[in-house]
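Here is what each chain is made of, one letter per residue.
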Amino acid sequence: MSNLSLKFRIPENWVWEQLDSKNATGILITHLPHIRWACGFTGSNGFLIIRGDGVHLFTDRRYETQAELEVCGVEIHIGKHDLIDYAKQTGIVDSSDRLIIQPEYITISELNHWKATVSGISQLSIENLLNKLIALKSGEEIAGMRKVQTVSDIVFKEILQYIQEGIRENELAAMIDYRHRMHGASGMAFDTIVAFGSNSALPHARPTDRKLCLGDSILLDFGCMVNGFSSDMTRTLCYGAPDAEFFDAYSSVQEAQENAFSITCAEVRASDVDYAARASLAEKGYGDFFSHSTGHGIGLEVHEWPRISENSDAVLLRGYTITIEPGIYLPGKFGIRIEDTVLIESHKCERLSSIDQDLILIGS
């Protein structure tokens, strides 16, 4: 993804606004995906110090060459041991500094280490610091989101042939992961969920050695990473013909997702998207069986701002990518979820997956 960061991506006027809002001398970025977004650096250790007159990346010697290849518009500092101490030695930070921090991405231990190393330094918290900037995808980022979803679509079509009576949940999960790797994914975006029958009533079920039996529901929730971007999709299938209760619940989830799609566009509140799905399920009598939010932002991380929930105060903008994933979970029976990633446009949303949402019956 380093080719996306041809320059430092945080606008100078935004930096000055943040500094002025807290009477701060700098901004400390410690969350690695945000560092990657800002300057292209993909290493596993480092932080950014952003000032009005310059930006500094601190990392260790393992990434010296990598940083030179990936990073643009940032001064690179290569430390040997303790990077905080090294930042102090370089004079880039000192006891007079008032640094804005990302409180949700820094531990108490790290905060204490900063205070112990740079005596007198002040740390000023701003939650969700970069979220709105990162949520707004560029054309190149949207192309990356399309590509990663295409990989998951291909894998979904391929793994259908492996779904047969007697296969275990963990076997199918391993096959899904393997096929993603074979199609160029660098890894999975999260632990793949494969759940049969009553196990699918657990929204975040972990694959077990349960074998697939005739009449079982099959919940598949997976996503991968390609060039730094995440995919996330869920489909619920049935092995054999479903009974009336399953078919009614599936139709209700499908309708709830369509109702959410129908209102999702720029300038719509995330809470309204959630309400559209939730109200639809409640009208069908399933309101008590939808136990999570309707979706979430997605991009460099599989779960990004904004949450598509009843408590969200976010307003969707053109260029955001989010998931819409209503579900019904009937304990001891089955669970159904249909999830798609969509791109927010001016007057509609575009579903990035090519996989149909109609119920797929296998082995019938």
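**Q** What is the right way to read the overall build of the protein from this model?
**A** From N to C terminus, the protein includes 10 helices and 20 strands. Against the compact-globule benchmark of 21 Å for 364 residues, the protein has a radius of gyration of 23 Å, which places it among compact chains. Based on the C-alpha atoms only, the size of the protein along its principal axes is roughly 70 × 40 × 35 Å. Looking at the 364 residues of the protein, the share that counts as buried comes to 56%. By sequence separation, contacts in the protein at least 24 residues apart represent 67% of the contacts at least 6 residues apart.

**Q** Sorry if this is basic, but what is going on with the pairing of strand S2 (residues 47–51) here?
**A** Consecutive residues of a regular strand have side chains that alternate between opposite faces of the sheet. Burial within S2 is extensive, with 5 of its 5 residues counted as buried. Judged by which residues are buried, S2 turns out to be covered on both faces: Phe47, Ile49 and Arg51 on one side and Leu48 and Ile50 on the other are all buried. Bridge count between strand S1 (residues 26–29) and S2: 3 bridges; the pairing is antiparallel. Bridging from a neighbouring strand, isoleucine 27 pairs with isoleucine 50 of S2. Pairing of S2 with strand S3 (residues 54–60), which is carried by 5 bridges, proceeds in the antiparallel orientation. Counterpart to phenylalanine 47 in the pairing with S3 is phenylalanine 58. Counting the residues between successive antiparallel strands, the hairpin from S2 to S3 contains 2 residues.

**Q** In this structure, what is going on with the sheet that holds strand S9 (residues 217–222)? I would like to understand it.
**A** Either a parallel or an antiparallel arrangement is found when strands of a sheet pair, and the pairing is made through backbone hydrogen bonds. In spatial order, the strands read S8-S9-S12-S20; together these 4 strands make up an open sheet with mixed pairing. Where the open sheet ends on each side, the last strands, each with one partner, are strand S8 (193–196) and strand S20 (361–362). Looking at chain direction, S9 and strand S12 (residues 233–239) are connected through 6 bridges and run antiparallel. Residue leucine 219 lies in a different strand from S12, and its bridge partner there is threonine 236. Along the sheet face, helix H8 (residues 169–182) touches S8 and S9 and points at about 150° away from the line of S8.

**Q** Is there a simple way to explain a nonpolar patch on the surface in this structure?
**A** A surface patch of nonpolar side chains, amounting to about 200 Å² of accessible area, comprises Leu136, Val315 and Leu317. In this structure, leucine 136 sits in the loop between helix H6 (131–135) and helix H7 (139–159).

**Q** Looking at this model, I keep getting lost on the sheet that holds S2. Mind explaining?
**A** Spatially, the 6 strands line up as an open sheet ordered S4-S3-S2-S1-S5-S6, and their pairing is mixed. The two strands at the open ends of the sheet, each matched to only one other strand, are strand S4 (75–79) and strand S6 (122–125). Shown here is a sheet whose adjacent strand axes are inclined to one another by a mean of 25°, direction ignored. Sheet topology places S3 next to S4; 5 bridges connect them, and they run parallel.

**Q** Looking at this structure, I do not really get the layout of surface pockets. What am I missing?
**A** Empty space among the atoms becomes apparent when a probe as large as a water molecule is rolled across them. Counted as a void, the largest pocket has a volume near 390 Å³. Taken together, 19 residues form the lining of the largest pocket, with Ile193, Pro203, His204, Asp221 and His303 sitting closest to its centre. Taken together, the residues of the lining of the largest pocket sort by class into 5 nonpolar, 7 polar and 7 charged. Put simply, the second largest pocket is a space of about 290 Å³. Breaking the lining of the second largest pocket down by element, the ones donating at least two residues are helix H4 (83–90) and helix H5 (108–117). In terms of residue count, the dominant contributor to the lining of the second largest pocket is H5 (3 residues). Taken together, the residues of the lining of the second largest pocket break down into 7 nonpolar, 5 polar and 2 charged.

**Q** What is the right way to look at H5 in this model?
**A** Turn by turn, an α-helix covers 3.6 residues, leaving residues three or four places apart pointing in a common direction. All of the buried residues along H5 are Leu111, Trp114 and Thr117. The buried residues of H5 occupy an angular sector of 140° when projected down its axis, which confines them to one face. Facing away from the buried side of H5 by over 90 degrees, the exposed positions are Ile108, Ser109 and Ala116. Buried residues belonging to H5 abut S1, S2, H4, strand S5 (98–101) and S6.

**Q** When you look at the packing of aromatic side chains in this model, what are you seeing that I'm missing?
**A** Overall, the coordinates contain 7 aromatic pairs when judged by the stated rule. Aromatic side chains phenylalanine 58 and tyrosine 86 sit 6.2 Å apart centroid to centroid with 80° between the ring planes, which places their arrangement in the edge-to-face category. On the criterion of sequence distance, the pair formed by phenylalanine 58 in strand S3 and tyrosine 86 in helix H4 is long-range, its members being 28 residues apart. In textbook terms, an aromatic cluster arises when at least three aromatic residues are bridged by ring pairs, as seen for Phe47, Phe58, Tyr86 and Trp114.

**Q** For this particular structure, what's the right way to read the pattern of salt bridges?
**A** Pairing between side chains of opposite charge can happen when their charged atoms approach one another. Taken as a whole, this structure holds 15 salt bridges when the rule is applied. Among the salt bridges present, the one from arginine 278 reaches aspartate 274, with a minimum N-O distance of 2.9 Å. Highlighted residues: arginine 278 and aspartate 274, both in helix H10 (residues 270–283), separated by 4 residues, approximately one helical turn. The burial state of arginine 278 is the same as that of aspartate 274; both residues are buried. Glutamate 325 is the partner of arginine 337 in a salt bridge, and the nearest nitrogen-oxygen pair spans 4.0 Å. You can see arginine 337 sitting in strand S17 (residues 334–337) and its partner glutamate 325 sitting in the loop between strand S15 (321–324) and strand S16 (327–330), a full 12 residues away along the chain. Pair check on accessibility: arginine 337 and glutamate 325 agree, each one buried. One network of salt bridges, with partners in common, ties together Asp221, Glu325 and Arg337.

Conventions adopted
Residues numbered from 1 in each chain as written. Predicted model: local features only at pLDDT ≥ 70, side-chain atom pairs only at ≥ 80, totals over all residues. Heavy atoms only, no water. Helix = DSSP H or I, 4+ residues; strand = E, 2+ residues; numbered from the N terminus. Rg over C-alpha atoms; globule rule 2.2 N^0.38 Å. Buried < 20%, exposed > 50% of the residue type's maximum accessible area, 1.4 Å probe, protein only. Contact = heavy atoms within 4.5 Å. Pairing = 2+ DSSP bridges. Axes fitted to C-alpha atoms, helices over the stretch in contact; angles between N-to-C directions. Patch = residues over 30% accessible without salt bridge, like charges linked within 9 Å, V, L, I, M, F, W, Y side chains within 5 Å. Areas by Shrake-Rupley, 256 points an atom, 1.4 Å probe, with all protein chains shown as cover. Salt bridge = Lys/Arg side-chain N within 4 Å of Asp/Glu carboxyl O. 1 Å grid on protein atoms, 1.4 Å probe; cavity = no way out; pocket = protein on both sides within 12 Å on 5 of 7 lines; lining within 4 Å. Points joined across faces, edges and corners; volume = space filled by probe spheres on them. Nonpolar A, V, L, I, M, F, W, Y, C, P; charged D, E, K, R; others polar. Arc of directions from axis to C-beta. Phe/Tyr/Trp six-rings, centres within 6.5 Å; stacked < 30°, edge-to-face > 60°.

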